[in-house]
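Chains, contacts and geometry: an overview
Residues per chain, in single letters:
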Amino acid sequence: MASERMTGAEMVIRALVDQGVEVIFGYPGGAVLPIYDALFKQNKLRHVLVRQEGGAVHAAEGYARSTGKVGVVLVTSGPGATNAVTGLTDALMDSIPVVCLTGQVPTHLIGNDAFQECDTTGITRPCTKHNYLVKDVDDMAQTLHEAFHISRSGRPGPVVVDLPKDIQFAEGDYEMPAEIVHKTYKPRLKATNSEVETAVEMLAGAKRPIVYAGGGVINSGPRAHELLTRLVRTTGAPCTLTLMGLGALPASDPHFLGMLGMHGSYEANMAMHGCDVMLCVGARFDDRVTGRLDAFAPNAKKIHIDIDPSSINKNVLVDLPIIGDVAHVLDDILKVWDAKNITPDGGPRQEWWKQIDKWREKDSLNYQKSDTIIKPQYAIQRLYEMTQDRDTYITTEVGQHQMWAAQHFKFEEPKRWMTSGGLGTMGYGLPAAIGVQLAHPDATVVDIAGEASILMNIQEMATAAQYRLPVKIFILNNQYMGMVRQWQELLHGGRYSETYSESLPDFVKLADSFGAVGLRATKPDELDDLITEMLSVDKAVIADVCVDKTENCFPMIPSGAAHNEMLFGPGDSAEKPISKSGMVLV
Amino acid sequence: MDTIERHTIAALVENEPGVLARVIGLFSGRGYNIESLTVAPVTPDESMSRISIVTSGTPMIIEQIKAQLNRLVPIASVHDLTADGPHVEREFALVKVVASGANRRESLRIADIFHAHVADTTIESFVFSLTGQRDKIESFVELMRALGDVEVARSGVVAIARGSKVL
Ligand SMILES: Cc1ncc(C[n+]2csc(CCOP(=O)(O)OP(=O)(O)O)c2C)c(N)n1
Ligand SMILES: [Mg+2]
């Protein structure tokens, strides 16, 4: 391909177009003026103006997670870059492909404490998969395309490209590299034959198997989710999903035990505890999932499939580590399984399922119904039921509402559920919903929110208004930072230090002031009407659902406890005091 | 199981800005130990550097350190010399000793025993240069401290596997 002469700023636009980027999320400033000028002169790329750079990164995350493409962000130097840091960390923790372009002061001023200078590559080094500072316009094309390659391949993650202003003005030759072959970065995709054989043997011989799958299945692509579903059905093993993995197996599949971990279902956690063979697929034995490590799945032989070798044996030692891409490895496992025509021993399997059905009878997600007060779980349940036949995407903020959403909303497909898992970033849901809605203009996009979280990025309502994005903000308003209050109840004698949501805005008027529609429900019999109206208006909506202020999220594995030491309700918590070592855990 | 082991790790890295910061940031950010760390370009075109790290931790932590290092984009390969078999470890030190009279003479005698060279001398001081294993350097420095004021500059450990195999 012949190279073309252009400025660095033009190369940025060109490289994004060549990468197939359609939308970028950004906010202008002095150090990115040349790029904004180049943007002005073209019509292939759509720029979405957010209202704070943090919102741009979350929007790009929402876009990426709901499409499987790389989300792209453009911000200025200094405060533009530092505002992006939370989003970058969020994307790193949840393995979301994001490329973030940051402006930088001209190269000759770097290190001089120039106006709006910050050490962007230094600050973002620990919160990106990789980052670059482009110091020569002739490196621009290669660096940008490499950034996309690194962001989306292997274990995906955020990549920052820092662009000094003089490089944006400088002229150079642009050429799209044919294929990126990186000198030192080569993720391993396929497992060895012997690893696959051993995995099949272990699964075939299992009496009480379980599949524990996570976000890696979704990141690996649509084939991975089909293969996981097939594997679960072929082997007849029960399957539980992490918060990040919801949708990787259809929730309606009878093998699905629900989410596991701190607020997971009783059957999922008990099956994890009691299994004899565990197949972990694209999950990372996070502390929210394992509970107390020395009591984690004590009798299980563990197989762990992950594309990131550093995820293996980090928290839990496994018997068979398999480094590779989920789709590749599952494909190979299923081929060997099929070729060997394996049918697992029926007797023990039946016993196992009988046991699981007994755990299921506990109905651990059950809650006290009420016809005078809206129970938050009921609100989610109705939202689920009333959006079931729509093309629905859910994002969340962080807190109790997030866990209730994970428990009570059912996902049949991957990429429908966007939540901040690893970092737990309040303020994620609204900008993420904006990113999702831009990618899926005709879909129903709902941000299940808390009244505290939503205020963290409420400015993005203006973005929704500007681009006429009909995102629905479904606030479970309990007038508390409920999740923190729950922990204060459990660990600190009910001293609710600073967790009351004081001086809340009137969310209905707030919606109105942003040109959106505000709705409120205070009684259970108003809920359905609220949801119906929320779904029928073709505008952004803030729905203020006033729920039970005192409800807590159960079941729960208190910090420092094991999978088989769950709490089921308020009465339970009092009986089992939390250990000292549990207290210090987050 | 939970015993602390000392490992010498060699990483071949692309010689680009920030790569050392990535490695050091990784160690401090994840709470790993660095006993010593050295770096220098090792290819004719200076495009690749070799970082030698001495670290300690449980076997699980050592495995994590290697996996985390491997995950850094500009790292080409990571080698655990301690686990991979016999290897040669050397450290270089410059040791200044300020002493006079009998102590001064004694410092020269000890330097001779350790095969240290005199790199600089004044009426009341020597600078010795010395190469060897870590404990050799440590015992040399310890002996010198008994004789006068001592200042030490050490390179940190560099290491390479024995035998004919080349990385
Ligand atoms: C940016 C940020 N700050 C603080 C926290 C700690 N935190 C976790 S949940 C929570 C309360 C959230 O309150 P709300 O949004 O009302 O949700 P609820 O738990 O009441 O459903 C807080 C403060 C966080 N996760 N993120
Ligand atoms: Mg709340």
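Residues numbered from 1 in each chain as written. Chains lettered and ligands numbered in written order. Predicted model: local features only at pLDDT ≥ 70, side-chain atom pairs only at ≥ 80, totals over all residues. Heavy atoms only, no water.

Residues and elements named next belong to chain A. With respect to spatial proximity, 17 residues lie near ligand 1, and among them Gln400, Gly424, Ser453, Tyr480 and Gly482 are the closest. Between an oxygen atom of ligand 1 and a side-chain N or O atom of Ser453, the distance comes to 2.6 Å. The contact in question runs from an oxygen atom of ligand 1 to an N or O atom on the backbone of Met483, over 2.9 Å. Protein burial of ligand 1: of its 590 Å² of free accessible surface, 76% is covered by the chains. Mapped onto the shell around ligand 1, the elements with two or more residues apiece are helix H17 (400–408) and helix H20 (482–491). No other element matches the 3 residues that H20 contributes to the shell around ligand 1. Taken together, the residues of the shell around ligand 1 break down into 8 nonpolar, 8 polar and 1 charged. (Near = heavy atom within 4 Å. Polar contact = N/O pair within 3.5 Å; in protein donor to acceptor, adjacent residues only side chain to side chain. Areas by Shrake-Rupley, 256 points an atom, 1.4 Å probe, with all protein chains shown as cover. Helix = DSSP H or I, 4+ residues; strand = E, 2+ residues; numbered from the N terminus. Nonpolar A, V, L, I, M, F, W, Y, C, P; charged D, E, K, R; others polar.)

Regular strands show a simple pattern: their side chains alternate between the two faces of the sheet. Residue and element names in this part refer to chain A. The two faces of strand S2 (residues 23–26) match: Val23 and Phe25 on one face and Ile24 and Gly26 on the other face are all buried. As paired elements, S2 and strand S3 (residues 46–49) share 4 bridges and run parallel to each other. Residue pairing for S3: Val23 is matched across the bridge by Arg46. Crossover connection from S2 via helix H2 (residues 33–40) to parallel S3: handedness right-handed. The pairing of S2 with strand S4 (residues 71–75) spans 2 bridges and is parallel. (Buried < 20%, exposed > 50% of the residue type's maximum accessible area, 1.4 Å probe, protein only. Pairing = 2+ DSSP bridges. Right-handed = clockwise from strand over helix to strand, strands pointing away.)

Residue and element names in this part refer to chain A. With an omega of -5 degrees, the peptide bond running from Phe554 to Pro555 counts as cis. Of note, Phe285 is a non-glycine position whose phi angle comes to about 50 degrees, a positive value. For Phe285, the position within the fold is in the loop between strand S12 (277–281) and helix H13 (287–290). Despite not being glycine, Ser503 has its phi angle at roughly 50 degrees, a positive value. Residue position: Ser503 is located in the loop between H20 and helix H21 (507–513). According to the relative accessible area criterion, Ser503 is exposed, its value standing at 65%.

Residue and element names in this part refer to chain B. According to the domain assignment, chain B consists of domain 1 (5–83) and domain 2 (88–159). A C-alpha centroid distance of 29 Å is found between domain 1 and domain 2. Each partner contributes residues to the interface: domain 1 has 9 residues there, and domain 2 has 7 residues. Here domain 1 and domain 2 share an interface that buries about 620 Å² over both sides, 44% of which is from carbon and sulfur atoms. Linking domain 1 to domain 2 there are 1 salt bridge. (Domains from an automatic or database assignment. Contact = heavy atoms within 4.5 Å. Buried area = accessible area lost by both parts, 1.4 Å probe. Salt bridge = Lys/Arg side-chain N within 4 Å of Asp/Glu carboxyl O.)

Turning next to the packing of aromatic side chains. Residue and element names in this part refer to chain A. Taken as a whole and judged by the stated rule, the model has 14 aromatic pairs over all chains. Pairing Phe285 with Phe296 gives two aromatic rings, centres 5.8 Å apart and planes at 90 degrees, and the pair type is edge-to-face. Note that Phe285 is positioned in the loop between S12 and H13 and Phe296 in the loop between H13 and strand S13 (301–306), a separation of 11 residues in sequence. The buried category is assigned to Phe285, whose relative accessible area is 2%. Pairwise contacts between aromatic rings join Tyr384, Phe409, Phe411 and Trp417 into one cluster. Here the basic side chain of Lys362 rests over the ring of Phe568, its NZ or CZ set 4.1 Å away from the ring centre. (Phe/Tyr/Trp six-rings, centres within 6.5 Å; stacked < 30°, edge-to-face > 60°. Lys NZ or Arg CZ within 6 Å of the ring centre and 35° of its normal.)

As a further point, take the pattern of salt bridges. All told, the structure shown has 38 salt bridges over all chains when counted by the stated rule. Two residues, Arg71 of chain B and Asp308 of chain A, come together in a salt bridge whose shortest N-O distance is 2.8 Å. Linking Arg71 of chain B in helix H2 (residues 59–71) with Asp308 of chain A in the loop between S13 and strand S14 (320–323), this pair reaches from one chain into another. Given the relative accessible area of 33%, Arg71 of chain B is considered partly exposed. Its salt-bridge partner being Arg134 of chain B, residue Glu35 of chain B comes within 2.8 Å of it at the nearest N-O pair.

Chain A puts 19 residues into the contact, and the matching count from chain B is 17 residues. With both sides pooled, the region where chain A packs onto chain B buries about 1400 Å², and carbon together with sulfur makes up 57% of that total. At the boundary of chain A with chain B, the tally comes to 1 salt bridge. Counting every contact that joins chain A to chain B gives 6 residue pairs in polar contact (both at pLDDT 80 or more).

Here we take up the domain arrangement of chain A. All names here are of chain A. In terms of domain boundaries, chain A breaks down into domain 1 (4–174), domain 2 (193–361) and domain 3 (376–546). On a C-alpha basis, the centroid separation for the pair domain 1 and domain 2 is 37 Å. Contact with domain 1, which involves 7 residues of that partner, is made by 6 residues of domain 2. The contact between domain 1 and domain 2 buries some 600 Å² in all, and 50% of this surface belongs to carbon and sulfur atoms. Looking at the side of domain 1 facing domain 2, the largest losses of area belong to Arg65, Asp94 and Arg155, adding up to 60% of the total buried there. The interface formed by domain 1 and domain 2 includes 1 salt bridge. Between Arg155 and Asp308 there is a salt bridge; the shortest N-O distance is 2.7 Å. Linking domain 1 with domain 2 are 3 residue pairs in polar contact (both at pLDDT 80 or more). A class-by-class count of the residues in the side of domain 1 that touches domain 2 yields 2 nonpolar, 2 polar and 3 charged.

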